[in-house]
Amino acid sequence: LADRLQNTIQRIKGKGKVTEQDVKEMTREVRLALLEADVNFKVVKDFVARVKERAIGQEVMESLTPGQQVIKVVKEELTALMGGEQSKIAVADRPPTIIMMVGLQGAGKTTTTGKLANLLRKKYNRNPMLVAADVYRPAAINQLETLGKQLSMPVFSLGTDRDPVDIANQAIEKAKADHNDYVIIDTAGRLHVDGDLMQELKQIKTDVAPDEIFLVVDAMTGQDAVNVAESFNEQLELTGVILTKLDGDTRGGAALSIKAVTEKPIKFAGMGEKLDELEVFHPERMASRILGMGDVLSLIEKAQDNIDEKRAKELEEKMRSASFTFDDFLEQMSQVRNMGPLEDLLGMLPGANKMKGLKNVQFDEKQISHVEAIIQSMTKKERQDPSVMNASRKKRIAKGSGRTVSEVNRLLKQFDEMKKMMKQMTNMQKGKKGKKGKG
Ligand code: GDP
Ligand code: MG
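Conventions adopted
Residues numbered from 1 in each chain as written. Chains lettered and ligands numbered in written order. Predicted model: local features only at pLDDT ≥ 70, side-chain atom pairs only at ≥ 80, totals over all residues. Heavy atoms only, no water. Helix = DSSP H or I, 4+ residues; strand = E, 2+ residues; numbered from the N terminus. Buried < 20%, exposed > 50% of the residue type's maximum accessible area, 1.4 Å probe, protein only. Contact = heavy atoms within 4.5 Å. Areas by Shrake-Rupley, 256 points an atom, 1.4 Å probe, with all protein chains shown as cover. pLDDT = per-residue confidence, 0-100. Near = heavy atom within 4 Å. Nonpolar A, V, L, I, M, F, W, Y, C, P; charged D, E, K, R; others polar. Phe/Tyr/Trp six-rings, centres within 6.5 Å; stacked < 30°, edge-to-face > 60°. Core = buried A, V, L, I, M, F, W, Y, C linked by side-chain atoms within 4.5 Å. Salt bridge = Lys/Arg side-chain N within 4 Å of Asp/Glu carboxyl O. Axes fitted to C-alpha atoms, helices over the stretch in contact; angles between N-to-C directions. Parallel < 35°, antiparallel > 145°, perpendicular 65-115°, else oblique. Left-handed = near helix turned anticlockwise from the far one by under 90°. Pairing = 2+ DSSP bridges. UniProt positions renumbered as here; feature names shortened; annotations may be inferred.

Quick word on the overall build of the protein
Along the protein, the regular secondary structure elements total 21 helices and eight strands. A burial count over the protein gives 51% of its 439 residues as buried. A separation of at least 24 residues holds for 75% of the contacts in the protein among residues at least 6 apart in sequence. Accessible surface, the protein: about 21,100 Å² in total, of which carbon and sulfur atoms supply 49%.

Following this line, the structure appears as structure tokens:
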């Protein structure tokens, strides 16, 4: 999805004048891209109609930057399709708040139960209890207990020979006594939607009256995910959806259609197998990501987790204004070490995936120290303004850092490309500010 759409967007972005023909061409590409990404046919049709109507309208044609306005329309509509404003998690008037996790086998319910508990504690300072209500597979109970141990959180279980409804009820009593403010119930799944399972889930629902019923869906299952979401929603009236495995090679089509078909918000996104790899789902960011503007906000948020807030703000500003020097780069490198793999971070920057130069570099520790050595061998002036660089300066730097001139050249080139990328990002930000609200 992303690649195809990005190509079209690259073409249309710079246009000073957009004709109806351009819009038609663009919407055709968007349509194909969405269908290719496995988005529901009817959803695509409505979407394209809305984009067309707005893009050919005055809002765009009379603006100074029609190319960018068209993109803005596509982005806004994509965002709306995925649920508009991000939604919050429920809080019961009287604790505990009860969350029921449902979904097919293998979707990621048990893992996500652990991740969600972790997120509730980390982000909202909550004190959750996990409940093992998948009584059909002993392994499922063990799995949850292991997660509970890793998190140092209580797991309520009565083994495999009890009724899941009983288990859920007793767990809630226990949570009240122990002052756990959230109870997350991990339920059983099946390979396919099936009547018995639905009956059991409905029974639990009736008995414990959950504040949230989250459907956990594997984003990799494409169109199938949409059907699954539809049936679960019909039977149980979901309150939200959690998409897992968005870190995989998924085309994102499921995210687009699920919201449209069920009208239930996607609340969280699973981005990996680890317990801290669950993120609040931001439709706006997902739309940006699809449109290739990069997930700048996620990047900054990630930075904030590890860098102090003030520095992150400064970094953000610098990146936006593209007044980024080698000194900043150097400081950032040391901070980046704490932030996880550099490639991940670069992947969030707009256009980074297209930069062959960056992609081919192995960002291991050794590389980072080489880069640091090179920058440290530069004079203050050279760090601030690399354009002064000439052959003799490069030679001196290479000598000083114990690296080769070609390594110095490579770093200069990468830095240059990075700055270009930031400039491009800044321009997009400007484009976005063109008009506020929805037309
Ligand atoms: P359940 O049957 O619905 O309880 O599914 P599990 O929680 O046991 O997960 C099934 C598999 O999916 C496990 O191997 C998980 O590690 C994996 N998984 C779950 N969520 C994610 C995710 O967001 N990303 C990736 N890559 N794997 C995930
Ligand atoms: Mg499970």
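Quick look at the confidence of the model for the protein
Taken residue by residue, the protein gives an average pLDDT of 79. The fraction at 70 or more is 71%. Counting contacts from residues 350-362, a segment whose pLDDT is below 50, to residues more than four positions away or on other chains yields 24 contacts. Counted against residues more than four places away or in other chains, residues 432-439, with its pLDDT under 50, gives 14 contacts. The ipTM, which scores confidence in the relative placement of chains, is 0.99 for this predicted complex, and the corresponding pTM is 0.64.

Topic: the site of ligand 1
Gly106, Lys109, Thr110, Thr111 and Asp247 are the nearest of the 17 residues found near ligand 1. Burial of ligand 1 by the protein chains amounts to 81% of its free accessible area of 580 Å². Examining the composition of the shell around ligand 1, we find that four residues originate from one element, helix 6 (residues 109-124), more than from any other. Each residue belonging to the shell around ligand 1 can be placed in one class, and the counts come to three nonpolar, nine polar and five charged.

Considerations on the packing of aromatic side chains
The geometry of an aromatic ring pair is captured by the separation of the ring centres together with the interplanar angle, meaning the angle of the planes. What the rule picks out here adds up to two aromatic pairs. Between Phe214 and Phe268, the ring centres sit 6.2 Å apart and the planes meet at 70 degrees, which makes this aromatic pair edge-to-face. Residue Phe214 is located in strand 5 (residues 212-218), and its partner Phe268 is located in strand 7 (residues 266-270); the two are separated by 54 residues in the primary sequence. Look at Phe326 and Phe415: their rings are 4.0 Å apart centre to centre, the planes differ by 20 degrees, and that puts the pair in the stacked class. Linking Phe326 in helix 15 (residues 326-336) with Phe415 in helix 21 (residues 405-432), this pair joins segments that are 89 residues apart in sequence.

Quick look at the nonpolar core
Core analysis: the biggest nonpolar cluster contains 62 residues, and Phe47, Val102, Val131, Ile185, Phe232 and Ile258 have the highest contact counts within it. With near-sequence residues (within four places) excluded, Ile258 lies in contact with Val217, Ala225, Val226, Ala229, Val241, Leu243 and Glu263. Core analysis: the next-biggest nonpolar cluster, separate from the first, contains 24 residues, Leu120, Leu147, Val216 and Phe268 among them.

Quick word on the pattern of salt bridges
The full count for this structure, using the stated rule, is 16 salt bridges. In this structure, Glu77 engages Arg50 in a salt bridge whose closest nitrogen and oxygen atoms are separated by 2.8 Å. Pair noted here: Glu77 is in helix 5 (residues 66-81) and Arg50 is in helix 3 (residues 41-55), with a separation of 27 residues, a long-range link. The exposure class of Glu77 is buried, given its relative accessible area of 5%. Here Arg393 makes a salt bridge to Glu382, at a shortest N to O gap of 3.0 Å. With Arg393 in helix 20 (residues 391-401) and Glu382 in helix 19 (residues 380-384), the pair connects residues that are 11 residues apart, well separated along the chain. Among the ionic contacts, a cluster of salt bridges with common partners joins Arg50, Arg54, Glu76 and Glu77.

A look at the packing of helix 8 (residues 164-178) against helix 9 (residues 195-208)
At a closest axis distance of 9 Å, the pairing of helix 8 and helix 9 adopts a crossing angle of 30 degrees. Judged by the inter-axis angle, helix 8 sits roughly parallel to helix 9. When the axes of helix 8 and helix 9 are compared, the crossing they make is right-handed. Facing Pro164, Val165, Ala168, Asn169 and Ile172 of helix 8, the residues of helix 9 in contact are Glu200, Gln203, Ile204, Asp207 and Val208. Looking at side-chain class alone, the contact of helix 8 with helix 9 contains six nonpolar, two polar and two charged residues.

Quick word on the sheet that holds strand 1 (residues 97-102)
Spatial strand order, 3-2-4-1-5-6-7-8: eight strands in an open sheet with mixed pairing. Only two strands of the sheet have a single neighbouring strand rather than two, namely strand 3 (155-156) and strand 8 (278-280). When strand 7 meets strand 8, the two strands line up antiparallel, connected through three bridges. By the bridge assignment for strand 8, Phe268 is matched with Val280. Contacts from helix 9 reach strand 1, strand 2 (128-133), strand 4 (182-187) and strand 5, with the element oriented near 175 degrees to strand 1.

Remarks on the UniProt feature "domain: SRP54-type proteins GTP-binding" (unreviewed entry) in the protein
Per the UniProt entry, the sites bearing "domain: SRP54-type proteins GTP-binding" (unreviewed entry) are residues 265-278 in this numbering. Secondary structure content for residues 265-278 is 0% helix and 43% strand, while the C-alpha to C-alpha distance between its ends is 16 Å.

Details of unusual backbone geometry
Peptide bonds are mostly trans, and most non-glycine residues show a negative phi. The omega angle of the peptide bond from Pro95 to Pro96 is 0 degrees, so this bond is cis rather than trans. Its location among the elements puts Pro96 in the loop between helix 5 and strand 1. Here Ser152, not a glycine, exhibits a phi torsion of approximately 55 degrees, which is positive. Structurally, the position occupied by Ser152 is in the loop between helix 7 (138-151) and strand 3. The exposure class assigned to Ser152 is exposed, which follows from its relative accessible area of 62%.

Focus: the pairing of strand 1
Walk down a regular strand and you will see the side chains alternate between the two sheet faces. Of all six residues that make up strand 1, six are buried, and the element is covered over most of its length. Because side chains alternate across strand 1, one face comprises the buried residues Thr97, Ile99 and Met101, and the other comprises Ile98, Met100 and Val102, equally buried. For strand 1 and strand 5, the ladder comprises four bridges, and the chain directions are parallel. Along strand 5, the bridge assignment pairs Ile99 with Glu212.

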